[in-house]
Structure formats: C-alpha cells, structure tokens
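Chain and residue survey
Residues per chain, in single letters:
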Amino acid sequence: MIDPNQDPENDPEQLRTQWTEPEVEHLLEGFFQEEIPQEIRELADDGVTDPVRAAVVARPGMRWIVSAIATSALLVALAWFLRDPDRHQNPLQVETPRSAPQGEPQPVVAQASVLPLLSLTVDRFATDVGLIEQRTALKWETVSVYQPENGVEVAWSIPEVNIELYGVK
Amino acid sequence: MSNQRSTDWSADVEAVYKTEARQLWAMFYAHCTDADRAYDAVQESFFRLQRYQGEPIRDVRAWLLRVGQNWLRDVARSKSSGVRSTEHLDKMPGGTEEPSFILADRETQQLVRDVLGRLREDDRSVLILRYGLGWASNRIAAVLNIKSTAVDMRLSRARKRMAELLEEAGVPHD
C-alpha cells in the first residue's frame, strides 16, 4: 500500500534505485573496461592518424606522388650539399689519432680556413640617421685543432653568418 | 612487382588498422551493442579492404564503416543468435572470486548492455567514444562531424536517459 503522504525524497527504496550522472559515468567507465575486447584495448591510441598512409590506401596512385616528393626533396638536399665541392671533403667532425709527439706537449695548433662565400645579400634602409646598408654574408668555415697531448686532431666545418652595417653617405 | 605491391598494400592496411580499428569497433558496437560481433565486423571490414582491387577509395574510414555496418546487418538478418561467450565460466574453478560474484557481475554487465541498447544510436556513439575510448569532446566532434558543444549536449542527454533506464531496469548501485 503506497502512503500518499510519504515524501519520495526520503523513501530509502526510492533513493536506492536513483542514478545520478556522475554515477552513470562511473558505471560506464567500469562497464567498458570489461566490454572492450583485449585486441582492441591493446591498440595504441595516440590521438593521431597517419594521413599519408590513409591517403595511400585511399588512392594507390598516391604512393607514386609521395615517392616523387621524397625523391625530389632528397635531390634538392644533395644538390645543395654538392654546391660547395670542398665541403664534403671536410667532414663535420673527424678524430684522427696520431702518434704521440716526443718530449713536452706542444701548444695546441689551430688552423682555420674560410671557403668561398656562399651568399651575400645587401639591403639598404632609410633611417633617422641616414641611409644604412646591411651586408649579410654566409660563409663555410673549416677549423682544424691538433691536440698534441693525446695525439688527436679534431677538424670541423661550420657555417658562418656575418652581418655588417655601414652608413652610406 | 605484384608481390611488392601486395606487401606495400598489406603494410598500408595494417597501418590504417592500427589507427582506425578502435574507433571502428566503437562505431560498430554503437550499432549492435555486442562487443564480439563488433570486433568481428572490424576484422571483416579490414579483410575486405585487404582484398579490395576496385576503384580508388575516396574515404577509407567511411568505406570501412559502411562495409562493417552492412556486414552487421547481414549477420543480424541471417541469424539471431542468442549464444554468448562463456569464457567467464572457465575462470570459475581456478579463480579467486566467488562464482556468485562473477555471475552477479555478468548479470550487471548484461543489464547495462541492455540499457545501452535502448538508447538512440547517436547517444550510444558519444557514450562509447567518451567512456570506452576516453576521447575528449573535440575529438568526438571531429569524428562525428558535429560541434563540440553538440557533443557535450548529447553526452548530457545520454547520461540522463541512461540514469532513467538504469533506474527502470533496477540495476543496483555499487
């Protein structure tokens, strides 16, 4: 027999079966933990798809386009590298063991050579103090250092950017 | 040459599987509310993609989704199998949990599954993507092609409806 005066909010039977949204969330999290097959759970989910792969699968012809782009990029990089014929003869860093010198260690011998200019850009700016010329030069420098105490010679090549400002009269 | 094409294709399909299978499983689950069958649909759709030799596919994900959903419809039409996996029963003899607890859990799991089955499919989809795969609203929005605010609204509506149905089904609290 239902008591019409009873407040459903205070009825323990009513309260026992009512679900709140946070409870539903909690229930669903546990539910899907059990529900998702192991094979699917084991797949990594890094939040990104591989658009290149997807495009290749979508259009098999894309494989050739992707290959062509990659090859072109490689050729451009190679051409840039070979533009200065001396650069590839001077590895970026080389350690060449030598026989240790006799007697006291000699001072470190440093040699530096600057190879021909790679590029030079000249810009002129009109400023409050007059015309200013900016020369930006990109050079390729090779430095060689010999360490007599351990008989090692270290050579490296580095790009060098020189920016010079002149006042133009 | 043909072998090379086949190897490349397999690698591509495998890569797509790794990135798309979770989401596809969720969408198929939203369709049929049967975890094993949804997984079979994922396998079937990728199997067909692997063998596909027709016209270029414009959208692979949509293609896989369509193939899997068609397969699920065919399966539903051809057999209304009520048989479910009984792996849980194999765990009972050597397991540490009481069989009654395991069965109670299974019963609750089935009740929740039934309740989910009574929701609209688009509500089920957002619930699975959020609570099954743990996706944020913006990611769900991108996949379902709706706004992020619409995802939040749909989630709220689905949770409320779920609460009503759980109450109606008498699903016990923890």
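Residues numbered from 1 in each chain as written. Chains lettered and ligands numbered in written order. Predicted model: local features only at pLDDT ≥ 70, side-chain atom pairs only at ≥ 80, totals over all residues. Heavy atoms only, no water.

All names here are of chain B. Backbone geometry places Thr33, a non-glycine residue, at a positive phi of 50°. Looking at where Thr33 falls in the secondary structure, it is placed in the loop between α1 (2-32) and α2 (35-51). Even without being a glycine, Asn145 presents a positive backbone phi close to 60°. Turning to its location among the elements, Asn145 is positioned in the loop between α7 (137-144) and α8 (148-169). (Helix = DSSP H or I, 4+ residues; strand = E, 2+ residues; numbered from the N terminus.)

Turning to the confidence of the model for chain B, a few remarks are in order. Residues and elements named next belong to chain B. Of the residues in chain B, 80% have a pLDDT of 70 or more, and the chain-wide mean is 83. Across chain B, helix α6 (residues 121-132) holds the top mean pLDDT of 93, while helix α4 (residues 87-90) sits lowest at 53. Confidence estimates for the predicted assembly give a pTM of 0.55 and an ipTM of 0.79. (pLDDT = per-residue confidence, 0-100.)

Here the focus is α8 of chain B. Residue and element names in this part refer to chain B. With 22 residues, α8 should reach 32 Å at 1.5 Å per residue; the first-to-last C-alpha distance of 31 Å fits that figure. Every buried residue belonging to α8 is among Val151, Arg154, Leu155, Ser156, Ala158, Arg159, Met162, Ala163, Leu165 and Leu166, and all of these are buried. The positive-phi residue at the C-terminal boundary of α8 is Gly170, with phi of around 70°. (Expected span 1.5 Å × (residues − 1). Buried < 20%, exposed > 50% of the residue type's maximum accessible area, 1.4 Å probe, protein only.)

Taken residue by residue, the interface counts 45 residues in chain B and 37 residues in chain A. Between chain B and chain A, the buried area comes to about 3,800 Å², and carbon and sulfur atoms account for 64% of it. Considering only the surface of chain B that becomes buried against chain A, Arg22, Tyr131 and His173 of chain B emerge as the three largest contributors, covering 18% of it. Put simply, chain B and chain A have four salt bridges between them. Across the salt bridge formed by Glu35 of chain A and Arg113 of chain B, the nearest N and O atoms sit 2.6 Å from each other. Taken together, the links from chain B to chain A amount to nine residue pairs in polar contact (both at pLDDT 80 or more). Every element with two or more residues in the side of chain B that touches chain A is listed here: α1, α2, α3 (60-78), α5 (99-117), α6 and α8 of chain B. The class makeup of the residues in the side of chain B that touches chain A is 27 nonpolar, five polar and 13 charged. (Contact = heavy atoms within 4.5 Å. Buried area = accessible area lost by both parts, 1.4 Å probe. Salt bridge = Lys/Arg side-chain N within 4 Å of Asp/Glu carboxyl O. Polar contact = N/O pair within 3.5 Å; in protein donor to acceptor, adjacent residues only side chain to side chain. Nonpolar A, V, L, I, M, F, W, Y, C, P; charged D, E, K, R; others polar.)

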